[in-house]
Amino acid sequence: MSTAKNIRNTIHDSAKMLIDAYCADNIDDARLEAELLYGYAAGIERVTVIANGLDNPKNKDLEQFELLLDRRLNHEPLAYILGHKEFYNIDLLIGPGALIPRPETETIVEIALKTIYEHPQFNQEVTIADVGTGSGAIAIAIGMHAPHATIFAIDKSNEALIWAKKNIDKHKLQKQITLLHGDLLQPLNTTIDIVIANLPYIPTDELQSLPNEIVKHEPDLAVNGGEDGLELYRHFSKQLPQHLSKKNNSVIVEVGAGQIIFVQEILLENMSTHENTQIQIHRDLRQVRRVLEIRNN
Ligand SMILES: C[S@@+](CC[C@H](N)C(=O)[O-])C[C@H]1O[C@@H](n2cnc3c(N)ncnc32)[C@H](O)[C@@H]1O
């Protein structure tokens, strides 16, 4: 650490270190991370870190901050260090073993909620599956905004399910969300009206070119989509007919950039469609074609 004299200088120097270590792309992001880490170290809100900028750091806060900063400079993701991540305006507990929910995944929540609200059974009971639930992010966001929905959240990773359970407990959604362990839709023993999935979709060859935050710290099971990135969706598609409700069903999936047409072909191989089937492609906030929806109403 440099000869920083007050909190503001400490933050500034740390932000520069984060940029030099390729942990942040720009000074705004780097400052934000440094402020959050400092706040966590000192047990204060970020707004207080900023407000107290001209104070000298307490020794114990500085020591703690430097330990956290070292972890971050070692490319440990910020969310794993802080133990929290905000998703769809909801505070989620997060740590190694569960994928950190991404902002682009909020798109699938918005689409799923619209589909749930427009479902003919909305006022009675709609069954939802969140396949590959990870931290439980999608299931929890849906549970909080569609209290009538009955949700099954499935994952193959026991570690991820531990985080999902913590989040379900934190948000008191135990009655609404049932956690299931297993391969894709297989653990289900009831049919599902709306199946939602954000499955791993990065081609194996491309994994090594991803940031160290992902490659070294996030679970391979959460990102590795096999040779062309689509292996999980092929497997998922074959399981669909057995688990989808016979009518008024929808499948909503998140995919990687450029994959949507291929995933559409894969899903349509196994889904029965009719003249009213609607196929919609939705873009995320960066305008990437991110979510595919196949709706049979
Ligand atoms: C891309 S992450 C999505 C996590 C979370 N839904 C989100 O959006 O933040 C994919 C998830 O699928 C899980 N997964 C991978 N293969 C699976 C399988 N065969 N069956 C069930 N879940 C699987 C991973 O453990 C991981 O939690």
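Predicted model only: the values in this text are computed from it and were never measured.

### Some details on the domain arrangement of the protein chain
So, point 1. Here the protein chain is described as being made up of domain 1 (7-74) and domain 2 (87-296).
So, point 2. Distance from the C-alpha centre of domain 1 to the C-alpha centre of domain 2: 35 Å.

### As for helix α7 (residues 137-145)
So, point 1. Counting buried residues along α7, 7 of its 9 residues qualify, which places the element largely inside the surrounding structure.
So, point 2. Looking at α7, one finds that the buried residues are A137, I138, A139, I140, A141, I142 and G143.

### Some details on the packing of aromatic side chains
So, point 1. With the rule as written, the count across this model stands at 2 aromatic pairs.
So, point 2. Judged by centre distance (5.9 Å) and plane angle (90°), the rings of Y233 and F236 are edge-to-face. Here the residue Y233 and the residue F236 both occupy positions in helix α11 (residues 231-243), the gap between them amounting to 3 residues, near one helical turn.
So, point 3. On the accessibility criterion, Y233 (0% relative accessible area) is buried.
So, point 4. Taking the relative accessible area as the measure of exposure, F236 reaches 0% and is therefore buried.
So, point 5. Cation over ring: K166 sits above W163, and NZ or CZ is 4.1 Å from the ring centre.

### Details of the site of the ligand
So, point 1. In the vicinity of the ligand, 18 residues are found, and the nearest of them are G132, D155, D183, L184 and N198.
So, point 2. A distance of 2.7 Å is found between a nitrogen atom of the ligand and a backbone nitrogen or oxygen belonging to G132.
So, point 3. At 2.8 Å from a nitrogen atom of the ligand is found a main-chain nitrogen or oxygen belonging to L184.
So, point 4. Considered on its own, the ligand offers 600 Å² of accessible surface; in the complex 97% of this is hidden by protein.

Scoring rules and cut-offs
- Residues numbered from 1 in each chain as written.
- Predicted model: local features only at pLDDT ≥ 70, side-chain atom pairs only at ≥ 80, totals over all residues.
- Heavy atoms only, no water.
- Domains from an automatic or database assignment.
- Buried < 20%, exposed > 50% of the residue type's maximum accessible area, 1.4 Å probe, protein only.
- Helix = DSSP H or I, 4+ residues; strand = E, 2+ residues; numbered from the N terminus.
- Phe/Tyr/Trp six-rings, centres within 6.5 Å; stacked < 30°, edge-to-face > 60°.
- Lys NZ or Arg CZ within 6 Å of the ring centre and 35° of its normal.
- Near = heavy atom within 4 Å.
- Polar contact = N/O pair within 3.5 Å; in protein donor to acceptor, adjacent residues only side chain to side chain.
- Areas by Shrake-Rupley, 256 points an atom, 1.4 Å probe, with all protein chains shown as cover.

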